[in-house]
Amino acid sequence: MRRSFYHYVLTLKGPNHLSEEQVFANHVSHDIQFPKHTSDYDELSNYLEMNVDYLSSMDIFDRIYEQYVENNR
C-alpha cells in the first residue's frame, strides 16, 4: 500500500535542521492541519500556498514531492 505524502515527509525529519528538506519535514510534523491522508499534488500544493508560512519556496515542496513519487513506484 502506498503511504501518504505526509508519512513520507516524516521519514525526512531530523534534529539538526541540516537541509531545507529536513526543516520542511520538521514543520510539517508540527502542522496539525496538514492534509495527512492525501498524495494528490494539487491538494498538497494548494494547502501549502494558502495556509503556511514555514515554506520559503515551493521549489522545496516540488523537490520532495518528486522524491516521494520516485520512492513510491
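Residues numbered from 1 in each chain as written. Predicted model: local features only at pLDDT ≥ 70, side-chain atom pairs only at ≥ 80, totals over all residues. Heavy atoms only, no water.

An unreviewed UniProt entry lists the protein chain under the name UPF0346 protein EsVE80_09940, from Enterococcus saigonensis. What the UniProt record of the protein chain gives under Sequence similarities (unreviewed entry) is the line "Belongs to the UPF0346 family." (UniProt positions renumbered as here; feature names shortened; annotations may be inferred.)

Enquirer: I'd like to hear about helix α2 (residues 20-30), residue by residue, with values.
Expert: Every buried residue of α2 is listed here: Glu21, Gln22, Phe24, Ala25, Asn26 and Val28. Contact partners of the buried residues in α2: α1 (5-10), α3 (41-51) and α4 (58-71). (Buried < 20%, exposed > 50% of the residue type's maximum accessible area, 1.4 Å probe, protein only. Helix = DSSP H or I, 4+ residues; strand = E, 2+ residues; numbered from the N terminus. Contact = heavy atoms within 4.5 Å.)

Enquirer: How would you summarise α4 if you had to cite specific residues and measurements?
Expert: The terminal C-alpha atoms of α4, which comprises 14 residues, lie 20 Å apart, in line with the 20 Å expected from a rise of 1.5 Å per residue. When we look at burial in α4, the residues that qualify are Ile60, Phe61, Ile64, Tyr65 and Tyr68. Within α4, the buried residues cover an arc of 125° as seen down the axis, which keeps them to one side. Among the exposed residues of α4, those pointing more than 90 degrees away from its buried face are Glu66 and Glu70. The secondary structure elements touched by the buried residues of α4 are α1, α2 and α3. If you check the start of α4, you find a side-chain oxygen 3.1 Å away from the backbone N of Asp59, and it comes from Ser57. (Expected span 1.5 Å × (residues − 1). Arc of directions from axis to C-beta. Polar contact = N/O pair within 3.5 Å; in protein donor to acceptor, adjacent residues only side chain to side chain.)

Enquirer: Describe the packing of α2 against α4, and please don't skip the residues or the numbers.
Expert: The N-to-C vectors of α2 and α4 enclose an angle of 90°; their axes lie 10 Å apart at closest approach. When the interaxial angle is binned, α2 and α4 end up roughly perpendicular. When α2 is examined against α4, the residues Glu20, Glu21 and Phe24 are found in contact with a partner set consisting of Ile60, Phe61, Arg63 and Ile64. In the contact of α2 with α4, the residues fall into four nonpolar, no polar and three charged. (Axes fitted to C-alpha atoms, helices over the stretch in contact; angles between N-to-C directions. Parallel < 35°, antiparallel > 145°, perpendicular 65-115°, else oblique. Nonpolar A, V, L, I, M, F, W, Y, C, P; charged D, E, K, R; others polar.)

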